[in-house]
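Summary of the model geometry
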Amino acid sequence: MKMRSNIGRSAAKMITLSSLFAGVFFANMAMADTLRVIDGADLKTIDPIVTTSDTTIIHAYLIYDKLFEFDKDGMARPQLADKIDIGADKKSYTISLRKGLKFSDGGPITTDDVIQSLKRWASRDQTGQLLAARLKEMTKVDDLTFRIELNQPFDVPAALAGITGNPAFIMPKRVASLPATDQLSDTTGSGPYQFDYSAWKPGQTRIYTKNPNYVPRNDPSSFYSGKKEATFDKIEISYVPDSNTAMAEMLTGQQDIWAAPPLDNALALKGNPDLVVAKGFFTQGLFVINHVVPPFDNVKAREALTYLIDQAEINSAAVGDQQFWHTCYAYLTCEGTYGDETAYNGHRGAADFDKAKKLLEEAGYDGKPIVILDPTDWAEAHARSLYLAQQLRKAGAQVDLQAMDWSTLTSRRTSKAPASEGGWNLFPNIMGGQPASSPLTHLMLVSSCEKAWFGWPCDKKIEELRAAFISAVDQSEKKKITSELQARASTYLPFIMTGENTAAVVYRSDIEGFNPEATEMYFWNIKRKSK
């Protein structure tokens, strides 16, 4: 595509120009104590319970901690929790906190804070709502111990260790007592860093400093679990929407990590001895569908979308280099434990415009513009938006492609208004591979109507199968359930899959301890080799 080739030529020019900066590296002692990161989007909402935005979750992981975290093997390990006693029937969980834990303002972390944080989390998060539906009672035993009693078996540690969606971060009781729809202004946290809310404005570089009251675990770090050490005195995260500006800042040493570079730019930096170009986390690409407004409230219109998307074609346009993507028709990912492509009974392969047009007509499509929210500051998503707009037009549909940055999109997607009145029909997105591989944590597979994620899919059968999976103990039974669930999803179509791809991440070669494959980036346990 012309757009991508222009980016590539610009990238090549930047590499040539980089020779002018030979020997220019700004890592003086002050900078050596500061980790500088380029994020892919601007932070506009600081509350991880109000939004599921990746930018907000990255922010939250710096200033909050959780009771449990996943290790590299996908096991939920105690984090703020010290120990857990589980009833034989998996209906009773007694959880004790580590002693001496404090918030960033110096106040003690107690079970009062934990219980209120979990109540706020469960009122909003999809997995939290599953727990709440099974909850008999959650009671305080003492200041460091509380008990969860359930009506049905449920994997509580895995639910509390969830990475995406609205993770179960622990906040002070006074903060967690706010309704889950209200924005926070108090950023007192339980994590390794602290954030000065009063000094921050959207669009500006956000600054995090060490939390002097944080007490890390002593056990080895593994993925999100274990010891979380604030090794840098300060972390600065900047939103740099222009890729060539970001590239120049990486080449000249002004930035340490580029979290979400366009693939062309990242590949153009390969071979630079000062930089590492790594594969990041793998994701499931998809289009989010608004199920509550026409035309995609009709399943035939949703089916029409499957006849418009050629996964090989869309990934060639959006991602490019084939080593970073592959086609996949498994609703629980081809990489995951439960992924089953054979369960998919929908269209595969090349687009069929005649079939798509016929299905739109059968759905009662009236010719009104289909609104696609287009995040232009996210290169891959932008390319996917352009692709689908083109395909819909070829099928005879009118399209209103509305350009905006990702942060604006995360506010806009909350609207249930008709598309012609400020609402929307479609937007591109991804699910991190690890949470997308399980019915418990796949945020966009949830089909609980008004309680579902943005798009609000509503299917009783999917929810029954998700509930059956959560209660199942035998692994063979779980695989049987997930195969049936994926078959149902391919008929109901809660979202449209576009294949799977791996992001690229660029970081300086003197940075060690950084995990580019993390589903949501975290910045503890990172060191500069020169220090």
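One structure accompanies this document, and this report is about it.

The rules behind each value
- Residues numbered from 1 in each chain as written.
- Predicted model: local features only at pLDDT ≥ 70, side-chain atom pairs only at ≥ 80, totals over all residues.
- Heavy atoms only, no water.
- 1 Å grid on protein atoms, 1.4 Å probe; cavity = no way out; pocket = protein on both sides within 12 Å on 5 of 7 lines; lining within 4 Å.
- Points joined across faces, edges and corners; volume = space filled by probe spheres on them.
- Helix = DSSP H or I, 4+ residues; strand = E, 2+ residues; numbered from the N terminus.
- Nonpolar A, V, L, I, M, F, W, Y, C, P; charged D, E, K, R; others polar.
- Contact = heavy atoms within 4.5 Å.
- Pairing = 2+ DSSP bridges.
- Axes fitted to C-alpha atoms, helices over the stretch in contact; angles between N-to-C directions.

1. Here's the deal with the layout of surface pockets
A water-sized probe rolled over the atoms picks out the places where empty space is left. In this structure, the second largest pocket occupies an estimated 890 Å³ of space. In this structure, the second largest pocket is lined by 35 residues; those nearest its centre are Phe 70, Gly 74, Asp 155, Ala 158 and Lys 478. Going through the elements one at a time, strand S2 (68-70), strand S3 (76-78), strand S4 (81-86), helix H6 (156-160), helix H15 (433-436) and helix H16 (460-471) are the ones with two or more residues in the lining of the second largest pocket. Residues that form the lining of the second largest pocket fall into these classes: 19 nonpolar, 10 polar and six charged.

2. Observations regarding the environment of Trp 456
Mapped onto the fold, Trp 456 is located in the loop between H15 and H16. Those residues in contact with Trp 456, other than ones at most four positions away along the chain, are Asn 290, His 291, Val 292, Arg 413, Thr 414, Ser 415, Lys 416, Trp 424, Cys 449 and Glu 450.

3. Section: the sheet that holds strand S5 (residues 92-97)
Paired through their backbone hydrogen bonds, the strands of a sheet run either parallel or antiparallel. Read from one edge to the other, the open sheet built from four strands follows the order S4-S5-S7-S6, with strand pairing classed as antiparallel. The sheet is open, and its two edges are formed by S4 and strand S6 (135-142), each paired on a single side. Geometrically, the sheet is characterised by an average inter-axis angle of 15° between neighbouring strands, direction not taken into account. Here S5 pairs with strand S7 (residues 145-150) via five bridges, running antiparallel. Opposite Ser 96, over in S7, you have Thr 145 as the bridge partner. Across the sheet, helix H4 (residues 111-122) lies against S5, S6 and S7, angled at about 160° from S6, the strand it touches most. The sheet strands contacting helix H5 (residues 126-134) are S6 and S7, and the helix crosses S6 at an angle near 90°.

The analysis is restricted to geometry; functional conclusions fall outside its scope.
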